[in-house]
Amino acid sequence: MRTPAGDGAGPDDNRETIMFVECLADLPRTIDRFVPAPPARDRAAWLRLPADVRDALTARGESLADAAYPPLAASAYMDFRRNGDRARFEARYLTRRRTLNAAVMAECVAGDGRFLDQVIDGIFALCEESGWQLPAHNTLVRDTPTAILPDVGAPVLDLFACETGAQLAVVDHLLGAALDAVSPLIRARIRREIDARIVAPYLGRHFWWMGDGDEPMCNWTVWCTQNVLLAIMSGDYPDDLRRQVVVKAAESLDAFLKDYQDDGCCEEGAQYYRHAGLCLFNAMDILNKVTGGAFAAAARSDKIRNIAEYIVNINARGAYYFNFADCSPLAGRAGAREYLFGLAVGSDRLADFAAADWAVSTDRDLPDEINLYYRLQAAFAAERLAAHRPAASRAAADIHYPGVGLFILRDASFDLAVKAGDNGDSHGHADAGSLILFRDGEPLLIDVGVETYTAKTFSAARHEIWTIRSAYHNLPLFGGVEEGYGAAYGARDVVFQPGERESRVSMDLAGAFPPAAGVTTARRTVRFVKGERIEIEDVRSPAGPSTLHLMLARRPDIAADGLVLPGLGAIEIDGGGAATVEAIAVADPRLRLAWPDTLYRVAIPFEERIAVRIRR
């Protein structure tokens, strides 16, 4: 069993964590401009890209050459306040940005102007939007009601406003000479909008995600900071302004890191690692490049490497991830950003993992990515990724993340994750004590994830959503009462007994339930006998009507002693009554990306004790 803490780094193990603000003392006299990639006028650089990359980028641009930038109606913006719907506006908003990216990348490859009008149309479409912030984020103060429409006089720096500023700044850098040849008004318009919508609000007011004392941060902090750095540091700004931005960004990175445990676990899940850990990497990388490496010491800590390697550890097998919180089990393939992060922190594990994932990915050029810089990273890292030769394969180690109470156990066939912790994690569910199990890379006991985001997803009624409730996780109910939602509800008296042949995780779940559940103790024990079976035992006191639920992606067959999952294994039941199987129709488009049209919830009644054994 390994607790992440610099394992595998060699002579630099146990590198202390250095605050980013401490590195400000090492700033050089001049802050450099950031160069996201060679500009399009550097024809040699773009023509050195692998032929398959150039062909893919050109084909994507040609496929959208006649595509219109969809209108963004005020009524679509108002949907969020009126009915909680985010999809109608966001689909059009994101399509605009993807279309612009496709045209930009194709023009950079072609260099002949044939995609330039499409680029200019996209620039003006974005510049003419009344607000770059999404309707769901249209407020200046955290956790306050959103305004129904954007106020052009008070820009909101949310995730997507920052993304848009970064996108336009990178377009300006890549195609500036070609745009000027058409009209200098184009770049002037970009600069005017970035000044008004990014620079002025970033330096002129405080948004919650920037960090303030002990206020908890999340992925917003590094996601926004990365994109503000891209928007400003790649532009033509005076040194004193660049310096202000560097100082403020360093303070925000420290605010983000204060809420991360040293083990590097991303409590928001594998998908949010890409908006948390990877955005942290890019922000650090930009800061180092514009300051001649002034922040290198902060970026070399064990904590940063643990954050980097989290995505390797949380991978179940193949494309699947252990998907606690608002995460899909198919959280996306690793690629250029993970690879570059691995190189930066000296992690062969992460670099090998990213290169192997990239080799089987069907999405190497990131056609749906709205962050143009990520697409540049993918294109210019492709040759190194293709040439990368992983070290000799190593057996996957068991992992313990004490910060959030997560245990990951493996053998040649089973990949098991057990979550202790509490129900107050960012993007978390009511799932203390739940577990996820894969056999030979196939889902066996599942976490459904979360449906398409709506206003309800981040409201006081979040806990009512079925995929978030404990009744739809691999957990017991006592007297029909589910676990409570929030940090006050969680596992206690957690005991872990690791072993080469057998490992055991035990916890009392009584504290995860409100008093109405009527339990004083609710001991859950998970026993993993490597190479043989997994046992889950629940014992409650006092005895009373209880139900164990198991969530499955395949319909089980009822057998005399339990359940059979054809091709996956058998679930033996000891101490419970007859199992019933409920079919759950899945229509939500976000869930259907990972799951079939029907999932299954098994209910097994018991009074005091129940045990299930899962065998091959």
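Residues numbered from 1 in each chain as written. Predicted model: local features only at pLDDT ≥ 70, side-chain atom pairs only at ≥ 80, totals over all residues. Heavy atoms only, no water.

Going by what an unreviewed UniProt entry lists, the protein chain is known as Heparinase II/III-like protein and is assigned to uncultured Pleomorphomonas sp. Under the heading Subcellular location (unreviewed entry), UniProt records this for the protein chain: "Periplasm". (UniProt positions renumbered as here; feature names shortened; annotations may be inferred.)

Asks: How should I be thinking about the side chain of Asp263 in this particular structure?
Replies: As for its position among the elements, Asp263 is in the loop between helix 9 (239-257) and helix 10 (270-273). Among buried charged residues, Asp263 stands out as having no salt bridge; its nearest opposite-charge side chain is Lys303, 8.6 Å away. When neighbours within four sequence positions are excluded, Asp263 is seen to be in contact with Pro4, Asn306, Tyr401, Pro402 and Gly403. (Helix = DSSP H or I, 4+ residues; strand = E, 2+ residues; numbered from the N terminus. Buried < 20%, exposed > 50% of the residue type's maximum accessible area, 1.4 Å probe, protein only. Lys, Arg positive; Asp, Glu negative; His and termini not counted. Salt bridge = Lys/Arg side-chain N within 4 Å of Asp/Glu carboxyl O. Contact = heavy atoms within 4.5 Å.)

Asks: Would you explain the packing of aromatic side chains in this entry?
Replies: For any two aromatic rings, the description comes down to two numbers: the centre-to-centre distance and the angle of the planes. Overall, the coordinates contain 21 aromatic pairs when judged by the stated rule. Their ring planes at 80 degrees and their centres at 4.9 Å tell us that Tyr77 and Phe89 sit as a pair that is edge-to-face. Residue Tyr77 is found in helix 3 (residues 74-83), and its partner Phe89 is found in helix 4 (residues 87-110); the two are separated by 12 residues along the sequence. Taken individually, Tyr77 and Phe89 each receive the classification buried, so the pair is uniform in this respect. Between Phe207 and Trp209, the aromatic rings sit 6.5 Å apart at their centres with planes inclined by 15 degrees, giving stacked as the arrangement. Among the residues examined, Phe207 registers a relative accessible area of 2% and is labelled buried. Given the relative accessible area of 0%, Trp209 is considered buried. Following the ring pairs from residue to residue traces out a cluster consisting of Tyr77, Phe89, Tyr93, Phe160 and Trp223. In this structure, Arg364 is placed above the aromatic ring of Trp358, and the distance from its NZ or CZ to the ring centre is 4.0 Å. Lying over the aromatic face of Tyr472, Arg601 brings its terminal NZ or CZ to 4.1 Å of the ring centre. (Phe/Tyr/Trp six-rings, centres within 6.5 Å; stacked < 30°, edge-to-face > 60°. Lys NZ or Arg CZ within 6 Å of the ring centre and 35° of its normal.)

Asks: I would appreciate a short explanation of the domain arrangement of the protein chain in the present structure.
Replies: For interface size, the figure often reported is the accessible area lost on association. When cut into domains, the protein chain gives domain 1 (39-204) and domain 2 (399-615). Its C-alpha centre places domain 1 at a distance of 42 Å from the equivalent point of domain 2. (Domains from an automatic or database assignment.)

Asks: Help me understand unusual backbone geometry, please; the structure alone is not making it clear to me.
Replies: In terms of backbone geometry, most residues other than glycine have negative phi values and most peptide bonds are trans. With omega at -5 degrees, the peptide bond leading from Ser541 into Pro542 counts as cis. Tracing the backbone shows Pro542 in the loop between strand 14 (533-541) and strand 15 (546-552). Backbone geometry at Leu366 places phi at a positive 50 degrees, although glycine is not the residue there. By the element assignment, Leu366 lies in the loop between helix 15 (348-360) and helix 16 (372-387).

Asks: Sorry if this is basic, but what is going on with the nonpolar core here?
Replies: One broad trend across soluble globular proteins is that nonpolar side chains are buried collectively. Counting 146 residues, the largest nonpolar core has Leu174, Trp209, Ile232, Met233, Phe295 and Phe341 as the members making the most contacts within it. It is helix 6 (residues 159-182) that contributes the most residues to this core, 12 residues altogether. Residue contributions to this core reach at least three from each of two domains, namely domain 1 (39-204) and domain 2 (399-615). Once residues within four sequence positions are removed from consideration, Leu174 is found in contact with Ala37, Pro38, Pro39, Ala40, Trp46, Val104, Cys108, Leu372 and Leu376. (Core = buried A, V, L, I, M, F, W, Y, C linked by side-chain atoms within 4.5 Å.)

Asks: Explain the UniProt feature "domain: Heparinase II/III-like C-terminal" (unreviewed entry) in the protein chain to me, please; I cannot follow it from the model alone.
Replies: Using the residue numbers shown here, the UniProt feature "domain: Heparinase II/III-like C-terminal" (unreviewed entry) corresponds to residues 398-558. In residues 398-558, the share of helix is 0% and the share of strand is 45%. The end C-alpha atoms are 33 Å apart.

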